[in-house]
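Secondary and tertiary structure notes
As a plain string of letters, each chain reads:
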Amino acid sequence: MSDSQPQPPSHSPRNRPAGGGHSHGHPHGTSPGGAPGNPGPVAAESATLLLTGARLTDGRTVDVRLGGGRIQAVGTAGSLPAPAASRVDLGGYLLLPAPAEPHSHGDTALTADSEGPVSYTPDEVQRRATEAALLQLGHGATAVRSHVRIGDVHGLGPLEAVLQARRSLRGLTDLTAVAVPRLLTGVAGADGLAMLRDAVKMGASVIGGCPDLDPDPTGFLEAVLELAAEHGCPVDLHTDGDDPARLSRLAAMAGGLRPGVSIGPCGGLSRLPLDVASRAADQLAAEGVRVTCLPQGDCAALERRGLRTAPVRLLRAAGVRVAAGSGALRDAGNPVGRGDPLEAAYLLASQGGLRATEAYHSVSAAAREAMGLPEVRVEAGFPAELLAVRGDRIASVLSLAYSRIVIHRGRVVARTSAVREYCDSAVAVALDLPRQGRTEPGN
């Protein structure tokens, strides 16, 4: 996998019928970065790209000029000049800050259909982690946080493979690794703690794990927080959240740690009595502990105790900062997981009681904040991390988010185009629907 310059879309999105069904998103121009006409990511970031005719969430139709990996200018349609070769027509598309994926498992992704034991050879883990990150990129996530198990018989091999995938994906998406040890206390945990230290030195930028699985959950948490404070790393822990006393201790211990602590998926909070869950939410909010929920279901790191997601409205009402992730991507945790942040937002809006704008915020701005990434707005000066989806408002793109164009560091890195056609019937003719075999204008 190379860090080459994707080519601008060869056809205007405006000339494509409104979508239904799916085609696979893919990065463009993946020939070797040194090939003629394929500048590397640094050169690509310095190039200027003009997005024309994009609709914003406030209803305006604008042109957006990108350069140097940032948004240079936003103006009324037709007001920003640029060479024709550097234009992307976004007529019919809603332009949004790109989502980010705060909770994935690249080392186990795409293993649900494996025959026999799952392979954890470095080459196989790197292949899975790379393919998973690209699938998530095609959905719109330009940054991915991958939880990677360390220890047991595989040692640091899976982490090394995910870090290699991160290097190979540079310029296409930002992949970060969370080191996830199993045990950190007692005789058995001594090796796990030593390996966790090695993982941080190797390049794991976040410290994770599941205190619930350690014989001494408090001791596990103490070890994680001490190492995180020593290295200035954020903490991202797995917990079901069904033990209010344990959550209270976690909140008290984690309070004040910078750059911060996230926990999730916390589906067990939904199984607690309302008053107990409310007190737990108040404690998490008071100590600044973030929650990352998984609307599509739990991940394989936890025992499956039901498919209820965290009580997002209750947490938000208490002041907890809540992000949403995808969790399992076709592994034992969810054999049909799609890794699509817009699906997570759709579920929060359709079942979690959030407004569509709040739901999208959970997979974009809140997810980026949880990952320590800079804020993105469709305004001059902000990072050019953008997603264009066919539609005119957030509710409609969450309902029918088929055709998407993904922009990372100011360049188009993936596009999914969907076409729906109907048979040539009287109804289709009367409604002027796209029909099979009919040539579209401009094609």
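With that settled, consider the overall build of the chain. Along the backbone of the chain there are 13 helices and 16 strands. Looking at the chain residue by residue over its 443 residues, the buried ones come to 54%. Taking as baseline every contact in the chain between residues at least 6 positions apart, the subset at least 24 positions apart corresponds to 74%. Carbon and sulfur atoms provide 52% of the accessible area of the chain, an area that totals close to 18,200 Å².

Okay, the pattern of salt bridges next. Oppositely charged side chains can form a pair if their charged atoms are brought close together. Across all of its chains, the model carries 19 salt bridges by this definition. Residues Asp340 and Arg404 are paired through a salt bridge, measuring 2.8 Å at the closest nitrogen-oxygen approach. Of this pair, Asp340 sits in the loop between strand E13 (322-324) and helix H9 (341-350) while Arg404 sits in strand E15 (residues 404-408), and the two are 64 residues apart along the sequence. Side by side, Asp340 and Arg404 carry an identical accessibility label, which is buried. If you follow the salt bridges from partner to partner, you end up with Arg338, Asp340, Glu343 and Arg404 in one network.

Okay, the nonpolar core next. Generally speaking, soluble globular proteins have nonpolar side chains that are buried together. Ranked by size, the top nonpolar core spans 79 residues in total, and within it Ile263 and Leu315 carry the most contacts. With 7 residues, helix H5 (residues 217-231) is the largest single contributor of residues to this core. What Leu315 contacts, discounting residues up to four positions off in sequence, is Leu269, Ala281, Leu284, Val291, Ala310, Val320 and Val322. In terms of nonpolar packing, the next biggest core, distinct from the first, is built from 20 residues, Ala54, Leu90, Ala384 and Leu386 among them.

A few words now on unusual backbone geometry. At the junction of Arg258 and Pro259, the peptide bond is cis and its omega measures out at 15 degrees in the coordinates. Residue position: Pro259 is located in the loop between helix H6 (244-254) and strand E11 (261-265). In this model, Arg330 sits at a positive phi of 50 degrees, which is unusual for a non-glycine residue. Relative to the elements of secondary structure, Arg330 occurs in the loop between E13 and H9. Judged by its relative accessible area of 36%, Arg330 falls in the partly exposed class. In this model, Arg409 sits at a positive phi of 55 degrees, which is unusual for a non-glycine residue.

Okay, the confidence of the model for the chain next. Where the model shows low pLDDT, its predicted coordinates should not be examined in detail. Of all residues in the chain, 85% have pLDDT values of 70 or greater, and the mean over the chain is 87. In the model, residues 1-38 has pLDDT below 50 throughout and makes 111 contacts with residues more than four positions away in sequence or in other chains. The model gives residues 438-443 a pLDDT under 50, and that stretch makes 6 contacts with residues more than four places away or in other chains.

With their axes 8 Å apart at the nearest point, helix H2 (residues 122-139) and helix H3 (residues 157-168) run at an angle of 45 degrees to one another. In terms of orientation, H2 and H3 fall into the oblique class. Crossing handedness for the pair H2 and H3: right-handed. Contacts from Pro122, Val125, Gln126, Ala129 and Thr130 of H2 reach H3 at Pro158, Ala161, Val162, Gln164, Ala165 and Ser168. Split by residue class, the contact of H2 with H3 holds 7 nonpolar, 4 polar and no charged.

It is worth spelling out the pairing of strand E12 (residues 290-293) at this point. Consecutive residues of a regular strand have side chains that alternate between opposite faces of the sheet. Burial along E12 is two-sided: the residues Arg290 and Thr292 and Val291 and Cys293 are all buried. Two elements, E11 and E12, share 2 bridges in a ladder whose sense is parallel. Residue Ile263 lies in a different strand from E12, and its bridge partner there is Val291. For the handedness criterion, the β-α-β arrangement of E11, helix H7 (residues 274-286) and E12 is classed as right-handed. The pairing of E12 with E13 spans 3 bridges and is classified as parallel. Note that in E13 the partner of Cys293 across the bridge is Ala324.

The rules behind these values
Residues numbered from 1 in each chain as written. Predicted model: local features only at pLDDT ≥ 70, side-chain atom pairs only at ≥ 80, totals over all residues. Heavy atoms only, no water. Helix = DSSP H or I, 4+ residues; strand = E, 2+ residues; numbered from the N terminus. Buried < 20%, exposed > 50% of the residue type's maximum accessible area, 1.4 Å probe, protein only. Contact = heavy atoms within 4.5 Å. Areas by Shrake-Rupley, 256 points an atom, 1.4 Å probe, with all protein chains shown as cover. Salt bridge = Lys/Arg side-chain N within 4 Å of Asp/Glu carboxyl O. Core = buried A, V, L, I, M, F, W, Y, C linked by side-chain atoms within 4.5 Å. pLDDT = per-residue confidence, 0-100. Axes fitted to C-alpha atoms, helices over the stretch in contact; angles between N-to-C directions. Parallel < 35°, antiparallel > 145°, perpendicular 65-115°, else oblique. Left-handed = near helix turned anticlockwise from the far one by under 90°. Nonpolar A, V, L, I, M, F, W, Y, C, P; charged D, E, K, R; others polar. Pairing = 2+ DSSP bridges. Right-handed = clockwise from strand over helix to strand, strands pointing away.

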